[in-house]
Amino acid sequence: MTERVTKLCTTCGRFRSYHADDRFCIGCGYETLADRCECGRNFDYALDEAGSHDLHCPGCGRDWRGRSPNL
Ligand SMILES: [Zn+2]
Ligand SMILES: [Zn+2]
């Protein structure tokens, strides 16, 4: 049984559902996946909001979508 975790690639800014032990971004291939924000909030909220333009961490207000709009 594989746990599904929403992770963010801090290189390209993509949210995706990954396996808990996945380490490489599905989009850019860098090993820069984070499974939670710096404030400790996980990314469960992110997939539901993936289609929106503005996505902020509900815990600390960090803007995740500002960096790479084309990716
Ligand atoms: Zn990436
Ligand atoms: Zn946060």
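In the block above lies the structure referred to throughout.
Residues numbered from 1 in each chain as written. Chains lettered and ligands numbered in written order. Predicted model: local features only at pLDDT ≥ 70, side-chain atom pairs only at ≥ 80, totals over all residues.

1. A short note on the environment of F24
Okay, step 1: Tracing the backbone through its elements, the reader meets F24 in the loop between β2 (15–19) and β3 (33–34).
Okay, step 2: As for F24 and C9, which are separated by 15 residues in sequence, their C-alpha atoms are 8.4 Å apart.
Okay, step 3: Discounting chain neighbours no more than four positions away, the residues touching F24 are G29, Y30 and E31. (Helix = DSSP H or I, 4+ residues; strand = E, 2+ residues; numbered from the N terminus. Contact = placed C-beta atoms within 7 Å.)

2. A look at the sheet that holds β2
Okay, step 1: On the basis of which strands lie adjacent, the open sheet formed by 3 strands has the order β2-β1-β3 and antiparallel pairing. Two strands lie at the open edges of the sheet, namely β2 and β3, each paired on one side alone. (Pairing = 2+ DSSP bridges.)

3. Details of the pairing of β2
Okay, step 1: Pairing of strand β1 (residues 4–9) with β2, which is carried by 5 bridges, proceeds in the antiparallel orientation. Directly across from L8, in β2, lies its bridge partner F15.
Okay, step 2: Count of turn residues in the β1/β2 antiparallel hairpin: 5 residues, of which G13 carries a positive phi of about 80°.

4. A few points about the nonpolar core
Okay, step 1: Within the largest apolar cluster, 6 residues are counted, these being L8, C9, C25, F43, A46 and L55.
Okay, step 2: Discounting residues that sit within four places of it in the chain, L8 has contacts with F15, L33, A34, F43, A46 and W64. (Core = buried A, V, L, I, M, F, W, Y, C linked by C-beta atoms within 7 Å. Buried ≥ 20, exposed ≤ 12 C-beta atoms within 10 Å, placed from the backbone.)

5. Examining the environment of R14
Okay, step 1: In this structure, R14 sits in the loop between β1 and β2.
Okay, step 2: Take R14: there are 19 C-beta atoms within 10 Å of it, and that puts it in the partly exposed class.
Okay, step 3: It is 7.4 Å that separates the C-alpha atoms of R14 and G27, two residues lying 13 residues apart in sequence.

6. A closer look at the pairing of β1
On a regular strand, one side chain projects to one face of the sheet and the next to the other, so that they alternate.
Okay, step 1: Relative to β3, β1 is paired through 2 bridges, and the arrangement is antiparallel. Bridge pairing in β3 places C9 opposite L33.

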